[in-house]
Amino acid sequence: MEFFKKYLHFSSHLQISSAALLLILLTIIYKLISIERNKKGLKKQYSSSSCTTSVTKTPVPQASGAWPVIGHLRLITNAKESTHITLAKMADKYGPIFSIRFGSHKTLIVSSWEMVKECFTGTNDKLLSNRPPHSAFEHMFYQNGYGVGLVPYGEYWRELRKITTHNLLANQTFLKYKHFVTSEVDTSFRKLYELCNNNKKHNSDRKGATTPAIALIRMDDWLTHLTHDVVGRIVGIGGSESNAATGTMSSRERFILAHHEASHFVTTSSISDIVPWLGWIDRLTGLTRKMKNCGKKLDMTLGSIIEERRQKRQFCRTKGKEYNSTNIAVEDKQEDFIDICFSLMEQSQLPGENPEISIKSFILDIMSAGTDTTKSVLIWTISLLLNHPHVLSKAKQEVDAHFGMKRRSTDDIVVVDVDDVHNLVYIHAIFKESMRLYPVSPVMERMTSDDCVVGGFCVPAGTRVWVNVWKMQRDPTVWEDPTVFQPERFLSDNKRNIDIAKGHNYELIPFGTGRRKCPGSSFALELMHLVLTRLILEFEMKAPGGKVDMTETSSVILSAKVAPVDVLISPRTP
């Protein structure tokens, strides 16, 4: 029981009575008896599977050290290192494909690009197109037939994917919503200038002499606001202009708070995710209740946002073009994603039995996938640049050379646009190298929908598949000096054309691969390139302590640093 207390994120708050402990022990004893009775059935599962040849009847080799009930959990939740690092060490011992038991779940661990390619090409790609259930999503989001994130692969999922990809996440989306993006990014950068200038004025008044404009920025907070403002503006929940000027919180602000809380739960593994028949412990400790309450807050705030938009849409129609041209800002004439969903709903083209829940689910999926992940990549990239000043200096040279020419051709006024992002090859190489070392999700998770063959072994239906992206992208047989931050490797002929957005170069898949790869990768890359380019062009940056702590959290869902990143910035002079 102490193990579960330690593993559960809210372990410090657990108060479990002796009676509850006794009940847990009795439950475990009963389950152990059931496991022993089912061992023969498990062997029969392999022999009767659809893997027909003598080779493919062979089950995947399992790592040693499994315990009853919890399996290999005690090994892969080592407090001294992250789970993906532990799995990488196990791969060095057992090879690029082996199995463990994650609590009650048989789990296939894949750690080489060759095995990944076999998993996500041909028939296997379809069979590995489902994600396993997650209690946080089930309790907080609309996953029972509505959300594109976890809904099972099939016709309904394809319809959802088509709507989001075509209307929001296509390659041309950045151009389509260019005004929204640049407006929100401009607002975020103005805040940086204001902080620097305010500090300069304050220090000059106090010391009686002119001091440089410099400010200490908590980069995590600044990027959180930026990503939520950009993605929120495009989706339709509002950007920075939606923040309430009065003492009352707007619907958008309430949603952002609830979304932050939900993000916290998503990166938490509950006991029901590990050993489902012990899921009642989550209810006993209050974790399930907290997740459900968070889900209610998300639902209520999204309901308010959608209703406000519906009323505004109706009001605009009654007023006609005259109202649009006089009382609504020019940029608001452009349809956002909620507008598009309303149009589809009116044409009965929105999938699902409840169109409003479909819209809410779309918003949650996009906000969840497009904010925390983008922030995480930018945080890791900025941290690497601060710890490698020679790389930052080379990036400045590229940016200055490009914008020096542009400055001369535009009367000294510089505007960073999409074309600039495409022309900065070293900035592209920096992001590829950053995401190679610190992929968005260190472990990519799938679940087999039917029996399949991987590496000559039979993988039964219902098996969880963990691709150790972190391990694979540090493979010394593929990458020279794999642990070294060296963007120049992506300027060479054999690595220059790797396209991380498409996910077809299996040695580098930070956005995933196969049918379930991130549909918004192209948009995320455009935004990240824009933000980093502007930071390098407009500000000097350095770590106040000289070095940034690069310690990782133990989460396999989202790569994140343990310590926040504080950066000293000052405006650069042309």
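Computed from a predicted model, the values in this text were never measured in an experiment.

S.K.: Sorry if this is basic, but what is going on with the overall build of the chain here?
M.R.: Along the chain, the regular secondary structure elements total 23 helices and 9 strands. Contacts spanning at least 24 positions in sequence make up 74% of the contacts within the chain whose residues lie at least 6 apart. Here the chain displays about 26,400 Å² of accessible surface, and carbon together with sulfur accounts for 54% of that area.

S.K.: Can you help me understand the packing of helix α11 (residues 219-235) against helix α17 (residues 355-370) in this one?
M.R.: Packed helix pairs are specified by the crossing angle of their axes together with the interaxial distance, meaning the distance between the axes. Packing of α11 against α17 brings their axes to within 10 Å, and their N-to-C directions diverge by 155°. Between α11 and α17, the crossing angle belongs to the class labelled roughly antiparallel. α17 is crossed by α11, and the crossing has right-handed handedness. Facing α11, whose interface residues are His 228, Val 231, Gly 232 and Val 235, α17 presents Ile 363, Ile 366, Met 367 and Gly 370. Each residue belonging to the contact of α11 with α17 can be placed in one class, and the counts come to 5 nonpolar, 3 polar and no charged.

S.K.: I keep staring at the environment of Phe 141 and nothing clicks. Help me out?
M.R.: Along the chain, Phe 141 falls in the loop between α7 (135-140) and α8 (155-169). The exposure class assigned to Phe 141 is buried, which follows from its relative accessible area of 8%. Taking the C-alpha atoms as reference, Phe 141 lies 8.6 Å from Asp 365; in sequence the two are 224 residues apart. Beyond its immediate sequence surroundings of up to four residues, Phe 141 is in contact with Ala 136, Ala 262, Val 266, Leu 298, Leu 364 and Ser 368.

S.K.: Explanation requested: the packing of α11 against helix α12 (residues 251-266) in the structure shown.
M.R.: One way to put it is that α11 packs onto α12 with a least axis distance of 12 Å and a crossing angle of 120°. Classified by the angle between their axes, α11 and α12 sit oblique to one another. Seen from above, α11 lies across α12 with right-handed handedness. Together, Thr 224, His 228 and Asp 229 of α11 and Arg 252, Ile 256, His 259 and His 260 of α12 make up the contact between the two elements. A class-by-class count of the residues in the contact of α11 with α12 yields 1 nonpolar, 4 polar and 2 charged.

S.K.: I tried to follow the sheet that holds strand β2 (residues 105-110) on my own but got confused; where do I start?
M.R.: Hydrogen bonding along the main chain pairs the strands of a sheet, whether they run parallel or antiparallel. Spatially, β1-β2-β7-β4 is the arrangement adopted by the 4 strands of the open sheet, whose pairing is mixed. Each end of this open sheet is capped by a strand with a single partner; those strands are β1 (97-102) and β4 (443-447). Ignoring which end each strand starts from, the neighbouring axes of this sheet average 25° apart. Bridge analysis of β2 against strand β7 (residues 464-468) gives 4 bridges, and the strand direction is parallel. Its bridge partner lying in β7, Thr 107 is registered against Arg 464. Across the sheet, helix α4 (residues 83-94) is in contact with β1, β2, β4 and β7; its angle to β1 comes to roughly 135°.

S.K.: Please explain the packing of aromatic side chains as it appears in this structure.
M.R.: Think of a pair of aromatic rings as described by two things: how far the centres are apart, and how the planes are tilted against each other in angle. Enumeration over the complete set of coordinates arrives at 11 aromatic pairs. Ring geometry for Phe 337 and Phe 362: centres 5.6 Å apart, planes at 85°, overall edge-to-face. One end of the pair, Phe 337, is in helix α16 (residues 337-346); the other, Phe 362, is in helix α17, and 25 residues separate them in sequence. The pair Phe 337 / Phe 362 is uniform in exposure class, with both members buried.

S.K.: Whenever I open this one, the UniProt feature "binding site: heme" (unreviewed entry) in the chain confuses me. Can you help?
M.R.: The residues that UniProt annotates with the feature "binding site: heme" (unreviewed entry) are Cys 518. Within the fold, Cys 518 resides in the loop between α22 (469-472) and α23 (521-538). The partly exposed category is assigned to Cys 518, whose relative accessible area is 25%.

S.K.: What am I meant to see in the sheet that holds strand β3 (residues 215-218) here?
M.R.: Sheet architecture is open: 3 strands sit in the order β3-β9-β8, paired in antiparallel fashion. The outermost strands of the open sheet, each flanked by one partner alone, are β3 and β8 (539-542). The sheet shows a mean angle of 35° between the axes of neighbouring strands, direction not considered. Across 4 bridges, the pairing between β8 and strand β9 (residues 566-571) is antiparallel. Paired with Phe 539 across the two strands is Pro 571, which belongs to β9.

S.K.: Where do I start with the environment of Tyr 142 in this structure?
M.R.: Here Tyr 142 is to be found in the loop between α7 and α8. Between the C-alpha atom of Tyr 142 and that of Ser 358, which follows or precedes it by 216 residues, the distance is 8.1 Å.

S.K.: I tried to follow α17 on my own but got confused; where do I start?
M.R.: The first and last C-alpha atoms of α17 sit 22 Å apart over 16 residues, in line with the 22 Å expected at 1.5 Å per residue. Those residues of α17 lying buried are Ile 357, Ser 358, Ile 359, Lys 360, Ser 361, Phe 362, Ile 363, Leu 364, Asp 365, Ile 366, Met 367 and Gly 370. At the N-terminal boundary of α17, the capping side chain belongs to Asn 354, with an oxygen 3.2 Å from the backbone nitrogen of Glu 356.

S.K.: Looking at this model, I keep getting lost on the pairing of β9. Mind explaining?
M.R.: Within a regular beta strand, the side chains point alternately toward one face of the sheet and then the other, so they alternate between its two faces. Sheet analysis places β3 next to β9, joined by 4 bridges and oriented antiparallel. The partner of Arg 218 across the bridge, within β9, is Asp 566.

S.K.: What am I meant to see in the pattern of salt bridges here?
M.R.: Any two side chains of opposite charge can pair, on the condition that their charged atoms come close. Throughout the structure, instances matching the rule amount to 26 salt bridges. The residue Glu 155 makes a salt bridge to Arg 158 at a minimum N-O spacing of 3.0 Å. Taken together, the residues Glu 155 and Arg 158, both in helix α8 and 3 residues apart, mark about one turn of the helix. What makes Arg 158 partly exposed here is its relative accessible area of 36%. When salt bridges with common partners are traced through the structure, they connect Asp 299, Glu 307, Arg 310, Glu 356 and Lys 360 into a single cluster.

S.K.: How should the confidence of the model for the chain be read in this particular structure?
M.R.: Do not read the fine detail of predicted coordinates wherever pLDDT is low. Mean pLDDT over the chain: 82, with 79% of residues reaching 70 or higher. Within the chain, the element-level pLDDT minimum falls on helix α1 (residues 2-7), averaging 42, and the maximum on helix α21 (residues 425-437), averaging 97. With pLDDT under 50 throughout, residues 1-17 is counted as low confidence; its partners more than four residues away or in other chains account for 39 contacts. Counting interchain partners and residues more than four positions distant, the pLDDT-below-50 stretch residues 39-48 has 8 contacts.

Rules of the game
- Residues numbered from 1 in each chain as written.
- Predicted model: local features only at pLDDT ≥ 70, side-chain atom pairs only at ≥ 80, totals over all residues.
- Heavy atoms only, no water.
- Helix = DSSP H or I, 4+ residues; strand = E, 2+ residues; numbered from the N terminus.
- Contact = heavy atoms within 4.5 Å.
- Areas by Shrake-Rupley, 256 points an atom, 1.4 Å probe, with all protein chains shown as cover.
- Axes fitted to C-alpha atoms, helices over the stretch in contact; angles between N-to-C directions.
- Parallel < 35°, antiparallel > 145°, perpendicular 65-115°, else oblique.
- Left-handed = near helix turned anticlockwise from the far one by under 90°.
- Nonpolar A, V, L, I, M, F, W, Y, C, P; charged D, E, K, R; others polar.
- Buried < 20%, exposed > 50% of the residue type's maximum accessible area, 1.4 Å probe, protein only.
- Pairing = 2+ DSSP bridges.
- Phe/Tyr/Trp six-rings, centres within 6.5 Å; stacked < 30°, edge-to-face > 60°.
- UniProt positions renumbered as here; feature names shortened; annotations may be inferred.
- Expected span 1.5 Å × (residues − 1).
- Polar contact = N/O pair within 3.5 Å; in protein donor to acceptor, adjacent residues only side chain to side chain.
- Salt bridge = Lys/Arg side-chain N within 4 Å of Asp/Glu carboxyl O.
- pLDDT = per-residue confidence, 0-100.

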